[in-house]
Structure formats: structure tokens, C-alpha cells
Amino acid sequence: LKSLLSNPDLVMDKAYINGQWVDARNGATFDVVNPARGDVIAKIPDLSREETGEVIDAAYKAQKDWAKKTGKDRAKILRKWFDLMMANQEDLAIIMTAEQGKPLAESRGEIAYGASFVEWFGEEAKRVYGETIPGHMADKRITVIKQPIGVAAGITPWNFPNAMIARKVAPALAAGCSFVIRPASQTPLSALAMAKLGEEAGIPAGVFSVVTSEDASGVGKEFCENPKVRKLTFTGSTEVGRILLRQAADQVMKCSMELGGNAPFIVFDDADIDEAVKGAIACKFRNNGQTCVCANRIYVQDGVYDAFSAKLKEAVEALKVGDGLSEGTDLGPLIEPKAIDKVKDHLADALSKGGKVLTGGEMAPEGGQFFLPTIICDATQDMKVAREETFGPFAPLFRFKDEDEVIEMANDTIFGLASYFYAKDLSRVIKVQEALEYGIVGVNTGIISTEVAPFGGVKQSGLGREGSHHGIEDYLELKYICTNV
Ligand code: ADP
């Protein structure tokens, strides 16, 4: 891996805690595996729960001075970090593809996307405004100030090894919190490379630490039970989110949760079909279907069902499966064997209930963790894919007749993260965008992620928002001050 980089020092095989690059005290490590080739690319320190507690102690001490800095001083450091991330975009992208599998072009995009949060929240650091409220009595003055919550701890998944961390650490640091991250054990190298650049940008020791550990549940418990942690921010499955919320309840800890989705993608009769196909490809097959905002259920109205399926089939068959590091690859491998099992399970379930394969439906010739992008038609609401996120390159097409029917089907889920629809009629557009019970609605677009907008879900898809001027609020407390004059 190092031989592919202009700055090989970005490949770090130590944990970064309290400004030090360290091994686990007992010398334990875990392997990072390249999902395209199956070879071990790094051995990373496997820190214990006890060591995690020490990291939190250091973060607790460091936060005090960090919070005393002006927003402008914190902004300068974040700006420098953003610049360094962009200057090292290519290397960071190669590291990401090597450990995560996504095509290099997508990794480059993710580095820019992740860095954009660092830039954005650096700017927001200067704008944490409070307010004055006219007093309720003649001798009372009321002011409201915003203060950092304290130590924030984060747990992130492997699907966006840079951006999922950037969306949390940037607002935390901008607000004046310190931040301890436990990245997914499949993809720690991207997190460590970010820390390396953060160190160079001047983030003080202890303000940002990376706890590498295979023991997700032990570290998760320490984050929830250690009284020095005041904020937990998690991106991952709803299942694990529920566990963490239960654990965090004992300390009444503030929590932000970006959990699972089950995104509907609706194509109405009046849609621009070519645009809808383009949007569906971008939305369904980005990161090989492994994002929480990927279309999971594609609903197509009767009148355009055949035309849309034919065009989607053609576009899907043009996608090239392969090693993300090779030029021209559209779809990399899935992250691990159990991800392949889930795709196969949803496919078998759909076929047993009347679904028919339009294209794909089997492993790619490359074998390993490569699966062919797949479309099935005649999908129905009783299939597993209607209820659960596949998190893979599997696109089920459902047929519907009218607006009310599709709105009901689209909302018939415990999830409420992203949703999409294609239509032109203005009253239909307004009716549907308001009726979808989702935190995010893409209208005539399949790509919705940007640092300037609030990203987050309703129902069991989560709590809180990441990005936009709202995103920093998750790391701030309001203090109301009543002054007797
Ligand atoms: P995914 O399917 O994307 O891996 P998970 O919710 O299983 O979603 O994992 C998201 C992150 O949460 C990963 O970093 C994983 O290691 C971590 N994790 C899994 N189980 C727990 C747990 N019990 N406590 C804390 N973190 C966990």
C-alpha cells in the first residue's frame, strides 16, 4: 500500500491517543483486509476497554483548554486540517479504496465530501451565537449562551471511513468539545490518516483521539458508562443504535444517532425516465449499494414500468465490476462475506415470492466478494427487501397504480432516513414531498449529500442532524442566565 502513495507516512499502524502514536499495551493487533483481494494490508493495535478509559481521561483534560480558545482560533486549525486533507486527497483516497473497496473515483469524492465538513464547521465555529431575551421582570436580564457539551465519543461504520468521522469530529471540535473516535475495525486506516493530518494541522494532544479496537461492545460500554463522556454520536445499524441508547440511558447521555434506512425511490408516470434511470443508478449503486441512503425499494408507476425497467437494465449491464484501484471500475467488492450472504438471502427470498431476475442475480466472475449488480421485477411488500436494508447491489422493482398507494407503501417501514421521487406535475411534487415520512427527500435527484444541508432521519432512522448550521447544535448546550440588576 505504501508504495502507491506520494506520502507513505499517511499509512499509520498505531492508535492515536492523547497526541501519541501507540501500540496496545498487551501488544494485541487485528488485521485490516483488502476486500478486493483478501490480503492483510495492516495490523492495527487492538486497544482494551481499560485503555479506552485512559484516552477519555486525556480527552477530558484537553477539552478544558480547547474550549477556552476563541472560535476563530479553533477555526484556523480546522481550516488547516481541511487544506491538508485536500492536498493529500489522492493518497487518502488510495488508502480508503485499499481497505474499503469502493472505486477510487468514489474515494476521491468522499475525501472531498469529508473535508467539506471540516471546512464548513471551522467556519461555523465563529458563529455560535447566543441570544438576549427581554426580562420577565423589570429588574431581570436574560441571556442565553451556548457552550460545548464536553467530551464527545463517536462510533462509526466502514462504509464511509472518512466522511462519517468528519461529520462528527468537525462540529465537535468547532463547538469546543474534545472527540474520541472508535472507527470500524474494517477501516481504521482512513481514520488514522485523518488523525495524522490533524496532528500536523495543530490539533492539540488529546483533543482528537482514535481508539482502534476490535472490541466494539467493550469500547461502546466504556463510552456510555464513563462519566467523563457527555455526548455519544453513532452511525450504524438501528439494531446497534438501540443497544447504545439503552446503555447511554443510565447516564442520561446526549446522543446523536444516524441509523439504518430503507429508502424508497419512486418513479411516477410523468417523470423524465432517462433522468430517473440516471438517478437510480447513482443512488442505488453508489458504494455498491452500501450506504444508508441508497435506494432500497424502487417503486415504478404502471404506465412507465416497462420503459423504466428496460432502460435501467441497460444502464446496470454497463456497470463494470472490479478492483476499486483499477481505472474504470464502477462497482468494487462488498465489504465482507456476510454482506454477500445478505444479498443472496434477499434475492432468494424475493425469487421464492414471485420476483424475477432482470439482470445479474449471481456472483460476478471475479468471485471473492464481488456480486453482479442485480435487478428483479415484480417485487412485493411481503418480501424481506421491502422491510430491511439489503446494503448491496440489489435493486427490486415494485409496480404501483396511484399516488396514495405508493405513499402508503413508501411510508410502511420503521425507517425514515432518505427517500426519492421523480415527477413533474407541481401539485404532485408538493403533495408527495410533504407526505413522505423521511428526514431527507430527493426530488428529481438521486444524490442528496452535502455539508450545507441537515442530514438525518426520523422514526427509527435516528436522532439529530449532521451538516448545515444545525449540525453544530448537537455538540452544544444552552445555558440560560438570569441576572438580577
Ligand atoms: P454495519 O452493519 O454498518 O457494520 P453496525 O451497526 O453493526 O453496522 O456497526 C456500526 C459500528 O458499530 C461499527 O464500528 C461496529 O463495530 C460498531 N458496533 C457494533 N456493535 C456494537 C456494540 N454493541 N457497541 C458499540 N459499537 C458496536
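Residues numbered from 1 in each chain as written. Predicted model: local features only at pLDDT ≥ 70, side-chain atom pairs only at ≥ 80, totals over all residues.

As for the overall build of the chain
Point 1. For the chain, the helix and strand inventory stands at 14 helices and 20 strands.
Point 2. The C-alpha atoms of the chain give 23 Å as radius of gyration, which agrees with the globular expectation for 485 residues (23 Å, within 12%).
Point 3. A burial count over the chain gives 54% of its 485 residues as buried.
Point 4. Put simply, 72% of the contacts in the chain that link residues at least 6 apart link residues at least 24 apart. (Helix = DSSP H or I, 4+ residues; strand = E, 2+ residues; numbered from the N terminus. Rg over C-alpha atoms; globule rule 2.2 N^0.38 Å. Buried ≥ 20, exposed ≤ 12 C-beta atoms within 10 Å, placed from the backbone. Contact = placed C-beta atoms within 7 Å.)

Quick notes on the UniProt feature "domain: Aldehyde dehydrogenase" (unreviewed entry) in the chain
Point 1. The sites that UniProt annotates as "domain: Aldehyde dehydrogenase" (unreviewed entry) are residues 21–481.
Point 2. Span residues 21–481 is 41% helix and 21% strand, its end C-alpha atoms 42 Å apart. (UniProt positions renumbered as here; feature names shortened; annotations may be inferred.)

Some thoughts on the sheet that holds strand S12 (residues 263–267)
Point 1. The strand order across the open sheet formed by seven strands is S14-S15-S16-S13-S12-S17-S18, and the pairing between neighbours is mixed. Each end of this open sheet is capped by a strand with a single partner; those strands are strand S14 (356–359) and strand S18 (440–443). Averaged over all adjacent pairs, the angle separating strand axes in this sheet is 25°, with direction ignored.
Point 2. In this sheet, strand S15 (residues 374–379) lies alongside S14 in antiparallel orientation, the contact comprising three bridges. (Pairing = 2+ DSSP bridges. Axes fitted to C-alpha atoms, helices over the stretch in contact; angles between N-to-C directions.)

Some words on the pairing of strand S10 (residues 229–235)
Point 1. Taken across its seven residues, S10 has seven buried, putting it largely inside the fold.
Point 2. Summarising the sheet, strand S7 (residues 151–155) and S10 pair through five bridges and their orientation is parallel. Bridging from a neighbouring strand, Gly 154 pairs with Thr 233 of S10.
Point 3. Direction of pairing for S10 relative to strand S11 (residues 254–258): parallel, over a ladder of five bridges. Paired with Phe 234 across the two strands is Met 257, which belongs to S11.
Point 4. In this region the chain leaves S10, passes through helix H8 (residues 238–249) and returns to the parallel neighbour S11; the handedness of that crossover is right-handed. (Right-handed = clockwise from strand over helix to strand, strands pointing away.)

Points about the site of the ligand
Point 1. Neighbouring residues of the ligand: 13 residues in total, closest Ala 216, Gly 220, Gly 236, Ser 237 and Val 240.
Point 2. Listed by contribution, the elements that provide at least two residues to the shell around the ligand are helix H7 (216–225) and H8. (Near = placed C-beta within 6 Å.)

Here's the deal with the sheet that holds strand S5 (residues 131–133)
Point 1. With antiparallel pairing, three strands are arranged side by side in an open sheet as S5-S6-S20. Each edge of the open sheet is held by one strand with a lone partner, namely S5 and strand S20 (476–484). Ignoring strand direction, the axes of neighbouring strands in this sheet form an average angle of 25°.
Point 2. For S5 and strand S6 (residues 140–148), the ladder comprises three bridges, and the chain directions are antiparallel.

Things to note about the nonpolar core
Point 1. Counting residues in hydrophobic clusters, the biggest one holds 84 residues, and the most contacted among them are Leu 78, Val 118, Leu 173 and Leu 232.
Point 2. Ranked by residues supplied to this core, first place goes to helix H5 (residues 163–175) with ten residues.
Point 3. Membership of the second largest hydrophobic core comes to 62 residues, among which are Ala 263, Ala 280, Phe 371 and Phe 415. (Core = buried A, V, L, I, M, F, W, Y, C linked by C-beta atoms within 7 Å.)

Considering the UniProt feature "active site" (unreviewed entry) in the chain
Point 1. Sequence positions flagged by UniProt for "active site" (unreviewed entry) are, in local numbering, Glu 258.
Point 2. If you trace the backbone, Glu 258 turns up in strand S11.
Point 3. Among all residues touching Glu 258, those that are not within four sequence positions of it are Thr 235, Gly 456, Gly 462 and Glu 466.

Quick notes on helix H6 (residues 188–201)
Point 1. Given a rise of 1.5 Å per residue, 14 residues ought to cover 20 Å, and the 20 Å separating the end C-alpha atoms of H6 matches this to within 8%.
Point 2. Counting buried residues in H6 gives eleven out of 14 residues, a clear majority hidden from the surface.
Point 3. Residues of H6 that are buried include every one of Pro 188, Leu 189, Ser 190, Ala 191, Leu 192, Ala 193, Met 194, Ala 195, Lys 196, Leu 197 and Gly 198, and no others.
Point 4. Directly after H6, the chain includes Gly 202, whose backbone phi takes a positive value near 105°. (Expected span 1.5 Å × (residues − 1).)

Structural notes on the pairing of strand S17 (residues 418–422)
Point 1. With five of its five residues buried, S17 lies for the most part within the structure.
Point 2. Sheet topology note: the S12/S17 ladder contains three bridges and is parallel. Within S17, the position partnered with Phe 265 by the bridge is Tyr 420.
Point 3. Inspection of the sheet shows S17 paired to S18 by four bridges, in the parallel sense. Considered in S18, the bridge of Ala 418 is made with Ile 440.
Point 4. With helix H14 (residues 426–435) bridging S17 and the parallel S18, this β-α-β connection has right-handed handedness.

What about unusual backbone geometry?
Point 1. One non-glycine residue with positive phi stands out, namely Asn 287, at about 55°.
Point 2. For Asn 287, the location among the structural elements is in the loop between helix H9 (273–285) and strand S13 (295–301).
Point 3. Unlike most non-glycine residues, Lys 459 shows phi in positive territory, near 50°.
Point 4. In this structure, Lys 459 sits in the loop between S18 and strand S19 (462–463).
Point 5. The class of Lys 459 is partly exposed, set by 17 C-beta atoms lying within 10 Å.

Some details on the packing of helix H1 (residues 49–68) against H7
Point 1. Running from N to C, H1 and H7 cross one another at 35°; their axes reach a closest spacing of 9 Å. The two elements H1 and H7 meet at a crossing, and its hand is right-handed. Taken together, the residues of H7 that come into contact with H1 (itself represented by Arg 49, Thr 52 and Gly 53) are Gly 218, Val 219, Lys 221 and Glu 222. (Left-handed = near helix turned anticlockwise from the far one by under 90°.)

Re helix H11 (residues 337–352)
Point 1. An ideal rise of 1.5 Å per residue puts 22 Å on 16 residues; H11 measures up with 23 Å between its terminal C-alpha atoms.
Point 2. Residues Ala 339, Val 343, His 346, Leu 347 and Ala 350 constitute the buried set of H11. For H11, the angular spread of buried residues about the axis comes to 100°, placing them on one side. Set apart from the buried face of H11 by more than 90 degrees, the exposed residues are Pro 337, Lys 338, Asp 341, Ala 348 and Ser 352.
Point 3. Buried residues belonging to H11 abut S15, helix H12 (384–387) and strand S16 (394–400).
Point 4. Gly 354, located one to two residues past H11, shows a positive phi value of around 105°. (Arc of directions from axis to C-beta.)

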